[in-house]
Amino acid sequence: MTRRLKAATAEASPEPAERTRMKIARITSHVLQYDMPEELGYSQQFYRKRTAHIVEVETDAGITGWGECFGPGTVALANRAIVEQVIQPIVLGMDPLDCDVIWHRVYNLLRDHGQKGMPLQALSGVDIALWDIAGKAAGLPIHKLIGGAHRESVPVYGYGMMLRREDAASLAARFADEAAAIKANGFVATKMKVGLGPRQDVALAEAVRRGVGDDFDFMVDANHCYTAADAFHVGYALDELGAHWFEEPVAPEDLDGYAALRAGLKVNIAGGEAEFSRWGWRSLLESGGLDIAQPEVCSLGGISEYLRVLALCHAHFTPVVNHVWGSAIAVATNLQLLAAMPPLPGGLNPREPMLEFDTTENRFRDDLLTKPLDIQGQVERNGGRAAIPDGPGLGVEPDRDFLRHYAV
């Protein structure tokens, strides 16, 4: 190459400027709690307090990311200790844009102490916050970092019909009225809780079907309270009622029970919120027990691991409807993921993934953000759909005064 050509090439293709490396400066857990206006329950317990665990990751560049850890009550307090006292020392000074490097460093150091449960829940909140930082650094919403939006809005189903300490007849009447109200408010489907016992639970499901009519999808969430035999008893009734899915009918460890129920019932068998990491999900999917997968991003390992789990689910041709529980940070995270989820298997009119939305009173969902998502208002105005936030990262910011007010 001549000297003149070398000079021209150098002038046309300058060396890229070296990026100033960001560093993680601090990680803070904000555990929030308040007394609920009424006691609610599901198959495992009744509860009177609502809890949320918000994770804040600060950088030396002034960019802050937000995430959320799954886990209520004292579980949130235990996870706070893992986030601040175990994970934080491992990652301080690392580049927050190295999400995958950080994920594997933390997991590899903690795997001797738990490949499931609270260590993964704690890592989830940190990982989500790192993705929020990456989006803010790039000036792009997370769905753009993943690969783009397959949809600009998502249909929303409303769950309610929680258990209460009242007689069976009163509870059934309440369930019918509440289901009808959720339908009237514009949600595209609804989900109920069960857990009183097989016979009483069938009566509750019949009440919900009466409440919504014959042309509306309803789902039943058992929170793993049945043996396989009792789950069959309820499942046969759900077949006759035309329920859309039967969620967590048996314990998450009972892979044989899941497979037997899927083979023996017409209703879709759903589950997976209590499964962790790609390795746990590999076993669950290979067992053949799921019609619908329900990964929980705030629990299974965060966005980094969720994307690997989603790929596994789609490799098994198993549709995904994310499990969503918690604050507005969890809702915003799932909106980003649902936007980026490809249709399965594809076509002109695929069944779309839905956003799960808890219709019970929740200040951490409705009032946490400087600019609320207003999912219920969107559902009423937009034919049962909610828009995907298009701001950088998660596209939302918590109100710090709110965090201080409800801090444990």
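Here the residue numbering is sequential within each chain, running from 1 through the sequence in written order. Under the rules for a predicted model, residues below a pLDDT of 70 receive no local features and side-chain atom pairs below 80 are neither given nor counted, while totals for whole chains, interfaces and linings still include all residues. Here the side-chain values reflect all heavy atoms present in the structure, with hydrogen atoms and water set aside.

Participant: I'd like to hear about the overall build of the protein chain, residue by residue, with values.
Facilitator: Secondary structure elements follow DSSP: runs of H or I no shorter than four residues count as helices, runs of E no shorter than two count as strands, and numbering proceeds from the N terminus. Secondary structure summary: the protein chain contains 16 helices and eleven strands in total. It is over C-alpha atoms that the radius of gyration is taken, and the globule rule equals 2.2 Å times the number of residues to the power 0.38. Relative to its length of 408 residues, the protein chain is compact, with a C-alpha radius of gyration of 22 Å against a globular reference of 22 Å. Dimensions of the protein chain, computed from C-alpha atoms along their principal axes, come out at roughly 90 × 50 × 45 Å. Expressed as a percentage of its 408 residues, the buried residues of the protein chain come to 55%. All accessible-area figures derive from a Shrake-Rupley calculation using a 1.4 Å probe, and residue coverage is judged against the displayed protein chains alone. Of the roughly 17400 Å² of accessible surface on the protein chain, 50% is carried by carbon and sulfur atoms. A 1.4 Å probe rolled over the protein chains alone gives each residue an accessible area, and that area as a share of the maximum for its type sets the label: buried under 20%, exposed over 50%, partly exposed in between.

Participant: Run through the environment of H224, naming residues and quoting values.
Facilitator: Inspection of the secondary structure assignment puts H224 in the loop between β6 (218-221) and α8 (228-241). Looking at H224, the relative accessible area reads 29%, which means it is partly exposed. With 142 residues separating them along the chain, H224 and I82 place their C-alpha atoms 27 Å apart. Any two residues whose heavy atoms approach within 4.5 Å at even a single point are treated as in contact. The contacts of H224, once residues within four sequence positions are left out, are Q44, E248, P249, V250, A251 and P252.

Participant: Help me get a handle on the packing of helix α2 (residues 73-91) against helix α4 (residues 118-138), residues and values and all.
Facilitator: Every axis in this analysis is a line fitted to C-alpha atoms, fitted for helices over the stretch in contact. Angles between the N-to-C directions lie between 0 and 180 degrees. As a packed pair, α2 and α4 sit with axes 9 Å apart at the nearest point and diverge in direction by 65°. Judged by the inter-axis angle, α2 sits roughly perpendicular to α4. Handedness of the crossing formed by α2 with α4: right-handed. Of the residues in α4, those in contact with V75, A78, N79, I82, V83 and I87 of α2 are M118, P119, Q121, A122, L123 and V126. Each residue gets one of three labels, nonpolar for Ala, Val, Leu, Ile, Met, Phe, Trp, Tyr, Cys and Pro, charged for Asp, Glu, Lys and Arg, and polar for the others, Gly among them. Here the residues of the contact of α2 with α4 sort into ten nonpolar, two polar and no charged. With respect to orientation, any angle under 35 degrees is reported as roughly parallel, any angle over 145 as roughly antiparallel, any angle of 65 to 115 as roughly perpendicular, and every other angle as oblique. The hand of a helix crossing depends on one turn: near helix anticlockwise from the far one by less than a right angle means left-handed, and clockwise means right-handed.

Participant: With reference to specific residues and values, describe the pairing of strand β1 (residues 24-42).
Facilitator: For a regular strand, side chains alternate in direction, first toward one face of the sheet and then toward the other. Note on pairing: two strands pair once DSSP finds at least 2 bridges between them. Across 14 bridges, the pairing between β1 and strand β2 (residues 45-59) is antiparallel. By the bridge assignment for β2, Y42 is matched with Q45. If you look at the hairpin formed by β1 and β2, you'll find two residues sitting between the two strands.

Participant: Go over the pattern of salt bridges, please, and point to the residues and values.
Facilitator: Salt bridge, as used here: a side-chain nitrogen of Lys or Arg that lies within 4 Å of a carboxyl oxygen of Asp or Glu. In total, this model carries 28 salt bridges according to the counting rule given. Ionic pairing is found between R26 and E58, a salt bridge with its closest N-O pair at 2.8 Å. Of this pair, R26 sits in strand β1 while E58 is found in strand β2, placing the two residues 32 residues apart along the sequence. Taking the shortest distance from any N to any O, the salt bridge between R351 and D217 comes out at 3.7 Å. Linking R351 in the loop between α13 (328-340) and β10 (355-358) with D217 in the loop between α7 (198-212) and β6, this pair joins segments that are 134 residues apart in sequence. The class of D217 is partly exposed, set by a relative accessible area of 28%. Within the structure, one salt-bridge network assembled from shared partners comprises K191, K193, D221, E247 and E356.

Participant: So what about the state of the cysteines? Which residues, and what values?
Facilitator: The term disulfide is used for any two cysteine sulfur atoms that are within 2.5 Å. In total, this model carries zero disulfides according to the counting rule given. Left unpaired, C69 is separated from the closest cysteine sulfur, that of C298, by 7.8 Å.

Participant: Give me the sheet that holds strand β3 (residues 64-69): which residues, what numbers.
Facilitator: Strands sit in the order β1-β2-β3 across an open sheet of three strands; the sheet is antiparallel. Across the chains shown, the open sheet's two edge strands, defined by having one partner strand only, are β1 and β3. If you compare each strand with its neighbour and ignore which way they point, the axes differ by 20° on average.

Participant: I'd love a proper account of the pairing of β3, names of residues and values included.
Facilitator: In terms of burial, β3 is largely enclosed, as six of its six residues are buried. Here β3 shows a buried face lined by T64, W66 and E68 and a second buried face lined by G65, G67 and C69. Note that β2 and β3 share six bridges and pair antiparallel. In the sheet register, E56 faces β3, and the bridge partner there is W66. Where β2 folds back on β3, the antiparallel hairpin that results is connected by four residues, among which G62 adopts a positive phi of roughly 85°.

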